[in-house]
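Each chain is listed here by its residues.
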Amino acid sequence: MSQFWKPGTERPRPCLVDDEEGGVLFYSTPPPSSSYGYASLEKQRQRLPVFKYRTAILYLVEYHSTVIIVGETGSGKTTQIPQYLKEAGWAEGGRLIACTQPRRLAVQSVASRVAEEMGVKIGEEVGYTIRFEDKTVQGVTKIKFLTDGVLLREMMDDPLLTKYSVIMVDEAHERSISTDMLLGLLKKVQRRRPELRLIISSATIEAESMSNFFRTRKKNDGHATDDNNLKMEPSILSVEGKGYPVEIHYVQEPVSNYLQSAVDTVLLIHEKETVGDVLVFLTGQEEIDAAVQLLVEKASDKTSHFSGLLVLPLYSGLSRSDQDLIFSQTPKGKRKVVISTNIAETSLTLEGVVYVVDSGFSKQRFYNPISDIENLVVAPISKASAKQRAGRAGRLRAGKCFRLYTEDYFVKEMPAEGIPEMQRSNLVSSVIQLKALGIDNILGFDWLASPPPEAMIRALEVLYSLGILDEDAKLTTPSGFQVAEIPLDPMVSKMIIAADTLGCSEEILTIAAVLSVQSIWVSARGKHKGLDEVKLRFAAAEGDHVTHLNVYKGFLQSGKSSQWCYKNYINYHAMKKVVDTREQLCRLVRRLGIVLKSCQGDTQTIRKAILAGFFSHASQLEEYSQNGMYKTVRNSQEVYIHPSSVLFRVNPKWVVYHSLVSTDKHYMHNVIAIDPSWLIEAAPHFYQLKRPNPAIF
């Protein structure tokens, strides 16, 4: 595809890696340093759009406490601004420059790129820290990349972040829970440390609202300054990107079936448009598989004009070999069509894409604190997302974006921004983090967007029932502080602490590590029968958690073999991550004084430890139920065991689940069978005996 590379630039080399949720992150890296010298790298840096703003950025950082930089994707702001700051002396005298990212793999890839540009080894002058991995050297590292969540955890030891001179919060437009919490906390830190500089950087941020949030003086105070003539008023700088123009096309009338319309649009592009690959945005695996099937049927007819189509799916959970196809060079005479979820909005660059087909929808998680159910909802995207999607077509040359909605809808009805994660998520982990940071008045905390009070109350109830908060809503000693130290869901952390008393910490740490990845099973597109048969080899009558232990044991016995994983439909990269995470957890719990012990396969003890964290997630099978319907004990919600569970169709009388996700039904994920008498034993404050069965107060 060399005709699409911009003249004078180095040939991009694609990389592809799993992200922490089991999805994929794509980015382009330059060839190894040996293929060009420092001068060539320096020229590349100077060609980036952000370079001409270097002096302006450094001036604003010098004289303003907060600088908001609005920069398009591809402007170079993420890799260049930390280097400009170091060159200007912000890392002298033992100080550090921090740059946060919402995603772990973005942290690693950007840090590697910056280290390469600076000609240093990763982990020395340029380092990174993500959950369970620290690649920095005290006194040596000058520029540090880290996730928002890791910086939040650092505040537990150093509330004022005294070692940092400048903190750059990148990709703030993604509005993850950690980003929103971090911005609120940094605003508090800045009041105590006015010399701390903040750079808030994003592709599509609403600069005015962010500026208002960080404004510490009333407007009629004018441009307030501190004793060092530092302006407290935030400044805003807009940096242009390097995208090519993208022609936008809308449908004249609303479409009744966006999936079919997407397929028809791809066929029309192939028939009418010049050479160039196509990227289609749909909402999830089921839709993507259906669209792939429709296009493959067209392409399989060798006599047809459409035989030139090479159709590929893209969603989290694909096998590595399927992922690799996305980046293989498009064969001569073929047109690649990648059908993707919104993972392709910001996390990847597909070099050959010239045409984008945007359905206008994405699948989003919405948590209902009343029912304690997380719904996966197909929802309309925002204008910000629509802009990001269109931008994928203008990376290498002028492109076209075909929107499957009307211009009138885009202008008048489509929301400007998406709903922040803070307003549609379970807040249990956020509340415990704020409590650990000494913020007791959580409802009075300065939020960028206020979380729903119901979600806050629910989070406080859960933490109180787990014994993590006391009656005054303070962290309990020692378990509350121990749970706050473990960077996992508080229910999982409570399960780990209970395992110490019960003597099964070895097994529970394995289960906790497995629960921290999206899935250890490979997506079984068209292979459900094979996957079901394989699962039976590992299946434990007690349920999914014990089955996970069997898979882990098999993986170790195979010598951590990728071939063994392939044969057994197991995600090799997920299993490697499980092993790494487990090792890190072992080190962490030892520091907390937890002794590692094995219960030697006593599954009753293992299930009791799980119950210690998840007792509020108990469900009872409805008597005479023909379709496997359960009711949750807490609020009599109708729920079902998910088909991916080894207990699907087994239907034990009593179960405890790890999470509830709603699609066509309310499904319980990761389920174990329990004895109901254990509920009273595990949580006498939560359950009482009512007739022969336990029930909630």
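Conventions used here
- Residues numbered from 1 in each chain as written.
- Predicted model: local features only at pLDDT ≥ 70, side-chain atom pairs only at ≥ 80, totals over all residues.
- Heavy atoms only, no water.
- Helix = DSSP H or I, 4+ residues; strand = E, 2+ residues; numbered from the N terminus.
- Buried < 20%, exposed > 50% of the residue type's maximum accessible area, 1.4 Å probe, protein only.
- Contact = heavy atoms within 4.5 Å.
- Areas by Shrake-Rupley, 256 points an atom, 1.4 Å probe, with all protein chains shown as cover.
- Salt bridge = Lys/Arg side-chain N within 4 Å of Asp/Glu carboxyl O.
- Pairing = 2+ DSSP bridges.
- Axes fitted to C-alpha atoms, helices over the stretch in contact; angles between N-to-C directions.
- Polar contact = N/O pair within 3.5 Å; in protein donor to acceptor, adjacent residues only side chain to side chain.
- Phe/Tyr/Trp six-rings, centres within 6.5 Å; stacked < 30°, edge-to-face > 60°.
- Lys NZ or Arg CZ within 6 Å of the ring centre and 35° of its normal.

Undergrad: Just to check I follow, could you spell out the overall build of the protein chain for this structure?
TA: A count of helical and extended segments in the protein chain gives 23 helices and 25 strands. Within the protein chain, buried positions represent 55% of all 697 residues. For the protein chain, the proportion of contacts with a sequence separation of at least 24, taken over those separated by at least 6, is 72%. As displayed, the protein chain has an accessible area near 30700 Å², and 50% of this comes from carbon and sulfur atoms.

Undergrad: Help me understand the pattern of salt bridges, please; the structure alone is not making it clear to me.
TA: It is possible for side chains of opposite charge to pair when their charged atoms get near one another. A full pass over the atoms with the stated rule returns 20 salt bridges. For Arg175, the salt bridge is made with Asp180, and the minimal N-O distance between the two is 2.7 Å. Each member of the pair Arg175 and Asp180 is classed as buried. Between Glu233 and Arg215 there is a salt bridge whose closest N-O contact spans 2.7 Å. With Glu233 in the loop between helix H7 (207-214) and strand S10 (235-239) and Arg215 in the loop between H7 and S10, the pair connects residues that are 18 residues apart, well separated along the chain. Three or more residues joined by partner-sharing salt bridges are found here, namely Arg45, Arg54, Glu87, Arg113 and Glu117.

Undergrad: I'm lost on the sheet that holds strand S9 (residues 197-202) in this one. Help?
TA: As a general point, the strands of a sheet are linked pairwise by backbone hydrogen bonds and lie either parallel or antiparallel. Read across the sheet, eight strands follow the order S6-S5-S7-S4-S8-S9-S3-S10 without closing on themselves; strand pairing throughout is mixed. The open sheet terminates on both sides in strands that have one partner only, identified here as strand S6 (133-135) and S10. The mean inter-strand angle of the sheet, taken between neighbouring strand axes irrespective of direction, is 20°. Across five bridges, strand S4 (residues 96-101) lies against strand S8 (residues 164-169) in parallel orientation. Bridge assignment links Thr100 to a residue of S8, and that residue is Val169.

Undergrad: It is not clear to me how the pairing of strand S15 (residues 353-358) should be interpreted in this structure. Could you clarify?
TA: Note on strand geometry: in a regular strand, side chains alternate between the two faces of the sheet. Counted residue by residue, S15 has six buried out of six residues, so it is predominantly covered. Note that strand S12 (residues 277-281) and S15 share five bridges and pair parallel. Its bridge partner lying in S15, Phe281 is registered against Asp358. Note that S15 and strand S18 (residues 399-403) share four bridges and pair parallel. Its bridge partner lying in S18, Val356 is registered against Cys401.

Undergrad: Please clarify how the side chain of Gln482 should be interpreted in this entry.
TA: Topologically, Gln482 is positioned in helix H15 (residues 479-485). Separated by 3.4 Å, the side chain of Gln482 and the backbone oxygen of Leu592 make a polar contact. Ignoring sequence-local partners within four residues, the contact set of Gln482 consists of Ile497 and Leu592.

Undergrad: Explanation requested: the packing of aromatic side chains in the structure shown.
TA: For any two aromatic rings, the description comes down to two numbers: the centre-to-centre distance and the angle of the planes. Within the structure shown, the criterion is met by 13 aromatic pairs. Consider the rings of Tyr250 and Tyr405, whose centres lie 6.3 Å apart with planes at 65°: the pair is edge-to-face. Here the residue Tyr250 occupies a position in strand S11 (residues 246-250), and Tyr405 occupies one in the loop between S18 and helix H12 (407-412), the gap between them amounting to 155 residues. Its relative accessible area of 24% is what places Tyr250 among the partly exposed residues. For Tyr405, a relative accessible area of 7% corresponds to the buried category. Here the basic side chain of Lys187 rests over the ring of Phe213, its NZ or CZ set 4.4 Å away from the ring centre.

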